[in-house]
Amino acid sequence: MGIDAWLTLLQAAQQVSPLPWLKALKRCGSPEGLLSSSGPLLRDSGISDDAIAKLKTPDPALLERWRAWLAGPHRTLMTFGSAGYPPRLAQLPDAPLALWIEGSELELLSAPQLAIVGSRSPTTSGRETAEQFARYLSERGLTITSGLAAGIDGASHRGALPALGSTVAVLGCGIDIVFPRAHAQLAAEIAARGLLVSEYAPGVEPQKFFFPARNRIIAGLSLGTLVVEATRRSGSLITARHAMDYGREVFAIPGSIHNPLARGCHYLIRQGAKLVEEAADVLVEIAPLLSAEGIELPTVASSPITADSTPLVDEPSYRNLLKVMEFSPVAIAELGARAHLTTAEVSSMLLVLELEGLVEALPGGWYSRLGKKK
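Note that this is a predicted model, so its numbers are computed, not measured. (Residues numbered from 1 in each chain as written. Predicted model: local features only at pLDDT ≥ 70, side-chain atom pairs only at ≥ 80, totals over all residues. Heavy atoms only, no water.)

Student: Give me the sheet that holds strand 11 (residues 359-362): which residues, what numbers.
Tutor: One open sheet accounts for three strands, arranged 10-12-11; its pairing is antiparallel. For this open sheet the edge positions go to strand 10 (330-331) and strand 11, each flanked by a neighbour on one side alone. Bridge count between strand 11 and strand 12 (residues 366-369): four bridges; the pairing is antiparallel. When the bridges of strand 12 are listed, Leu 362 appears paired with Trp 366. (Pairing = 2+ DSSP bridges. Helix = DSSP H or I, 4+ residues; strand = E, 2+ residues; numbered from the N terminus.)

So, in structure tokens, the structure goes:
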């Protein structure tokens, strides 16, 4: 199928639901057939008159800018129905008409993927957990997929990037635009060693409503979605809901009841998401799915990574919290003041320390340091 026909179709279908276009494409058999179709057939598929006008009289300057971008190294337009289009994504009723891609590792799109998502403003513990889980799972051959957002997304990409499975970043804007700008270097590293992917063409600026649509692609590419930290209103719950709707696995890491960033995860667990304490828990749950697809991940011997791993306790922030806590009962707010941490950060860290047997929770939200591990 000719690239010119696809570009013409895409400039008419920009920033609208792909559903009517997929319907028309299936009826016409090809983009060339769609371009030559009559107005009544296109309208019957649900395509608007404005879009039909764009289809019949495309913008030549826009098409030329797109061709110029595609002429760059390691740039691809992967269209619906083509040999390389990710099979899991193709199962979506509203699958993207095409994916704009930067990076040479195209096989990652059809590799076994796990989405890791969460808060843009995580606790230190949450950020470290996301990075550690991503590294552990990527070392075992899973490609880690996320949205390049600040916080958990960025930590997940960084953890996975140097490992075997690498990472895929799905953008909520044009493929040539990095958002947030602070992730420009990370995006360059992903383009070099993983993949940048977007359903939005070059030059399309980010819009608020693009990100929920982006989340369906993250969920659709993946065997499952892991939520690390999230409030009840977090966009990462949209990704999890998409995953549930698509029949994919959903995992969530629990946290302290005092931490607002744990409430989204607790909500998902109540909705049927699988509670995860170790990264290995994810592998156990998706093993049957991998087996059904004939995929065997490599065996790598290493220590398990958990949401309450001891290495975190050895870090300066945890040692300082224990130091200022002393051995007398103390309230969380007072601990935060002593350690110069937020209440959410202290709550999350106390959960880790409690599980390690280093502190004890007391009635009334007070905590006390223990002399030694239980």
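Student: Quick one: what's the story with the side chain of Ser 166, residue by residue and with numbers?
Tutor: Within the secondary structure, Ser 166 is located in the loop between helix 9 (152-160) and strand 5 (167-170). The exposure class assigned to Ser 166 is buried, which follows from its relative accessible area of 5%. At a separation of 2.8 Å, a polar atom in the side chain of Ser 166 contacts the main-chain carbonyl oxygen of Arg 193. (Buried < 20%, exposed > 50% of the residue type's maximum accessible area, 1.4 Å probe, protein only. Polar contact = N/O pair within 3.5 Å; in protein donor to acceptor, adjacent residues only side chain to side chain.)

Student: For the sheet that holds strand 8 (residues 249-252), give the residues involved together with the corresponding values.
Tutor: Strand order in this open sheet of nine strands is 1-2-6-5-4-3-7-8-9, and the pairing throughout is mixed. The two strands at the open ends of the sheet, each matched to only one other strand, are strand 1 (75-79) and strand 9 (274-275). Judged from the five bridges that link them, strand 1 and strand 2 (residues 98-102) form a sheet pairing that is antiparallel. Bridging from a neighbouring strand, Met 78 pairs with Leu 99 of strand 2.

Student: Which residues make up the environment of Glu 199, and what values do they have?
Tutor: Here Glu 199 lies in the loop between strand 6 (195-198) and helix 11 (210-221). Each C-alpha atom of the pair Glu 199 and Leu 275 lies 32 Å from the other, and the pair is 76 residues apart in sequence. Of note is the side chain of Glu 199, whose polar atom sits 2.7 Å from the side chain of Arg 216.

Student: Could you give an account of the side chain of His 157, with specific residues and numbers?
Tutor: Mapping His 157 onto the fold places it in helix 9. The exposure class assigned to His 157 is buried, which follows from its relative accessible area of 0%. With residues near it in sequence (within four places) discarded, His 157 still touches Ser 146, Gly 147, Leu 148, Thr 167, Val 168, Ala 169, Leu 186 and Ile 190. (Contact = heavy atoms within 4.5 Å.)

Student: Break down the packing of aromatic side chains for me, with residues and values.
Tutor: Across all of its chains, the model carries six aromatic pairs by this definition. A ring pair is formed by Phe 80 and Tyr 85, whose centres lie 5.3 Å apart and whose planes are at 70°; its orientation type is edge-to-face. You can call Phe 80 buried: its relative accessible area is 17%. Grouped by ring-pair contacts, the aromatic residues Trp 66, Trp 69 and Trp 100 constitute a single cluster. The side chain of Arg 140 reaches across the aromatic face of Tyr 136, ending 3.7 Å from its centre. The cationic tip of Arg 232 hangs over the ring face of Tyr 267; the distance from NZ or CZ to the ring centre is 3.8 Å. (Phe/Tyr/Trp six-rings, centres within 6.5 Å; stacked < 30°, edge-to-face > 60°. Lys NZ or Arg CZ within 6 Å of the ring centre and 35° of its normal.)

Student: Outline the packing of helix 16 (residues 316-325) against helix 17 (residues 332-339), listing residues and values.
Tutor: Relative orientation of the contacting elements helix 16 and helix 17 amounts to 115°, with a least axis distance of 9 Å. Between helix 16 and helix 17 lies a crossing whose hand is right-handed. Residues Asn 320, Leu 321, Val 324 and Met 325 of helix 16 form the contact with helix 17, whose own contacting residues are Leu 335, Arg 338 and Ala 339. Taken together, the residues that form the contact of helix 16 with helix 17 break down as five nonpolar, one polar and one charged. (Axes fitted to C-alpha atoms, helices over the stretch in contact; angles between N-to-C directions. Left-handed = near helix turned anticlockwise from the far one by under 90°. Nonpolar A, V, L, I, M, F, W, Y, C, P; charged D, E, K, R; others polar.)

Student: Before we move on, can you summarise helix 8 (residues 124-139) with the specific residues and values?
Tutor: Helix length check: helix 8, at 16 residues, gives a terminal C-alpha distance of 23 Å against a target of 22 Å (1.5 Å per residue), a fit within 8%. Among the residues of helix 8, Ser 125, Gly 126, Glu 128, Thr 129, Ala 130, Gln 132, Phe 133, Ala 134, Tyr 136, Leu 137 and Ser 138 are the ones counted as buried. Within two residues after helix 8, Gly 141 carries a phi angle of roughly 100°, on the positive side. (Expected span 1.5 Å × (residues − 1).)

Student: So what's going on with the environment of His 183? Which residues, and what values?
Tutor: Relative to the helices and strands, His 183 resides in the loop between strand 5 and helix 10 (184-193). Given a relative accessible area of 7%, His 183 falls into the buried group. The residues contacting His 183, other than those within four sequence positions of it, are Leu 148, Ala 149, Ala 150, Gly 154, Arg 158 and Val 178.

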